[in-house]
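The residues making up each chain are set out below.
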Amino acid sequence: MQVLPGKRLSYALGIFVSLSLFSFVLLIFGYDPIPSLETLIMGPFGSVFNASETFVLMAPLLLSSLAFLVAFKGRFYNIGVEGQLYIGALSAYIASSVLGGFPSLIAVPIVAVAASIGGTLWLALPLFMRIKLQVNEVFATLIMNFIAIDIINWLTTGPIKDVNSVNPQTPFVPSTTWLAIVVPGTRFNLGVIIAILAAFVMYLIIHKTVLGYEIRASGLNPRAAQSGGVDNSRSILAVGLMSGSLAGLAGMVVINGANHLLAQNFSPGYGYQGIAVAALGDFHPVGALFASILYSALAVGGESMQRLPNGIPIELTYVLQVTIVLAVLLVQKWLSDRRRR
Amino acid sequence: MTDLITPILAASLPLSMPILFASVGEVYAERAGILNLGIEGIMGLSAFVSLWVTYSTGSYLYGLLAAIVAAGLMGLLYSYASVRIGTNQLITGLLIYTLSLGIADFSYRRLTSVSFPLIQPLPPISIPGLSDLPVVGPVLFHQNVMVYASLAVAIVMGAVLYRTTWGLKIRAVGENPEASDAAGINVNMVRQLCVLFGAMMAGVGGASLTLGYLGLYNSGGLLVAGRGWIALVVVIFSRWSPYRAVAGSWVFGLGYSIAATSIGSGLVAGAAQGTEYFLLMIPYVFALAFVFVFHRGTKPPSSLTVPYKRK
């Protein structure tokens, strides 16, 4: 991936500006910025466990981000990754429960396929409406998030709730369907590897295949692409299928990788954060990989900050994450406009 | 069930009010060519700010004004990014959404460590004579001042958009920025003002949710519960007209009211665990149906989401 010097500058400037603002806010609210920042930045590296948690958090975030990114490349705004992730998680839960008697080597791949299909099915209606009837997908995908979440709310408090738990969640899925732990003693599991592999696969598909070329062409200028022989509907169908599958997989790596059960509101908004991560990674799969590591490292550091004696609520870290993305975007656009003049 | 009809209708107006305020504002932003996906978050932020200020000063007016200022600041940030710098409007709007909710929830967490803000929602005003009518009385003439104001604002802003030079300029900027520029209109200034106005109206919407209906805050996401997104759907459904936004918002207010009123009345208390979530789904199912049924044939302002740069 070619990183222009101006881009590198925009990242440095964006992060610097955001951290300065963050320290300023800390001062206003009466926190000591230096130890807080130290905890924020060193938190993710403080222990093997914390470092592994960064990657556990990264897996669904990166997959969500790729789901948005690939659709974005084809100019299809899938803002419904959050809902597709929930339905993917539900599919993974159902498949896991059914496949309990099978060995892992058979069960896990089938669960992954089920999650992908679940995620894709939740995108099918907006995708169909877009391709066949030219209905804009932004609001349909967005609104379907709320419906998906209410379905999960209903199931986890009612029909599939674990009756022995006070929390709105299901029982554990059979351990044969769990994604294998890669680093013993932590939650670092196969899901992390799957997510990183997915980033490279998406890089190859988007940047190194004819299909990817057509997708990018139709995303940049649908009309020109069509005159050049690209079937725009086919491109949108392709990105839609990939996007829904990736979103479903994001749900699966949480259920079968990190949590081993389906809980109400288990996603802290991976679907929406994925959009910010994609933007921070300059809409490049490898960029998204680095951006998702930064994002989850900040989240883990933020949790360490929250545990400090004078705990800083984690919400402020979420604000910092978005501020970084906004600042980088603004500086980047500003610099590129200046250069053009 | 039948004895619920009057309460459902009566609550439908206050529940449509936040959507109406926000969608009237968004009509202006979109008419000028800028889509603001951040209004869901801006509503959450202003809902919190209005509650906090009203709780600490005891004045609803101060609460409302503070909410407008907070929303306006987010609007300034968004208009600077989307109009001046010309960033991708969908991406930036979503970032504004996350940013606003983050700020609101952080501030709420800080505040609730010392106190739990709770206010009495604005009392309803009965219109003498009319409020005693059966059904129509409690539904239309026994509401709080912000409900009446939301309807008035929609009508006034409709008139401004269609009957004044200002409105004409705004519509021209959204339809054809090049020609408007050639005619001497400062395209990006009009856009910035419209985005600012849209954000401020989302702020009034958010404030109306806490001051005029709920009187509390828990988290921005749970509180606003999609009303901002739905306001954006209402804008499409109403074909970018403040007048039609009244009807559009009311349909969704009805959806929220059916859910809230039947849950509040204990209608589902005996039903299986989790049944209430089906009721809570109603407004979203409405919205989805709206998008699919009414989106076809609607034509957004030509330059919507396209930044304008002078050649």
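Parameters at a glance
- Residues numbered from 1 in each chain as written.
- Chains lettered and ligands numbered in written order.
- Predicted model: local features only at pLDDT ≥ 70, side-chain atom pairs only at ≥ 80, totals over all residues.
- Heavy atoms only, no water.
- Helix = DSSP H or I, 4+ residues; strand = E, 2+ residues; numbered from the N terminus.
- Expected span 1.5 Å × (residues − 1).
- Buried < 20%, exposed > 50% of the residue type's maximum accessible area, 1.4 Å probe, protein only.
- Polar contact = N/O pair within 3.5 Å; in protein donor to acceptor, adjacent residues only side chain to side chain.
- Bend = angle between axes of the 7 residues up to and from the residue.
- Core = buried A, V, L, I, M, F, W, Y, C linked by side-chain atoms within 4.5 Å.
- Contact = heavy atoms within 4.5 Å.

J.: Can you walk me through helix α6 (residues 137-157) of chain A in this structure?
T.: The periodicity of an α-helix, 3.6 residues per turn, causes residues three or four positions apart to be oriented the same way. Residues and elements named next belong to chain A. In this model α6 runs 30 Å from its N-terminal to its C-terminal C-alpha over 21 residues, within 8% of the 30 Å that 1.5 Å per residue would give. Within α6, 20 of the 21 residues are buried, leaving the element largely enclosed by the surrounding structure. Sitting at the head of α6, asparagine 136 places a side-chain oxygen 2.7 Å from the backbone nitrogen of valine 138.

J.: I tried to follow helix α9 (residues 187-214) of chain B on my own but got confused; where do I start?
T.: Residues and elements named next belong to chain B. Taking 1.5 Å per residue, 28 residues should reach 40 Å; α9 reaches 39 Å between its end C-alpha atoms and fits that length. At serine 208, α9 shows its strongest bend, of approximately 30°. Among the 28 residues in α9, 22 count as buried, and that is most of the element.

J.: Looking at this model, I keep getting lost on the nonpolar core. Mind explaining?
T.: In terms of nonpolar packing, the biggest core is built from 196 residues, with Phe139(A) and Leu37(B) touching the most fellow members. If one sorts the elements of this core by residue count, α6(A) sits on top with 13 residues.

J.: Hey, could you run me through the environment of Ile87(A) in this one?
T.: Residues and elements named next belong to chain A. Note that isoleucine 87 resides in helix α4 (residues 81-98). Under the relative-accessibility criterion, isoleucine 87 is labelled buried at 10%. Filtering out sequence-adjacent residues up to four positions away, isoleucine 87 remains in contact with Gly118, Trp122 and Ala148.

J.: How should I be thinking about the side chain of Gln84(A) in this particular structure?
T.: Residue and element names in this part refer to chain A. Mapping glutamine 84 onto the fold places it in helix α4. Its relative accessible area of 1% is what places glutamine 84 among the buried residues. Beyond its immediate sequence surroundings of up to four residues, glutamine 84 is in contact with Asn78, Gly119, Trp122, Leu123, Gly244, Ala247 and Gly248.

None of this, on its own, says anything about what the molecule does.
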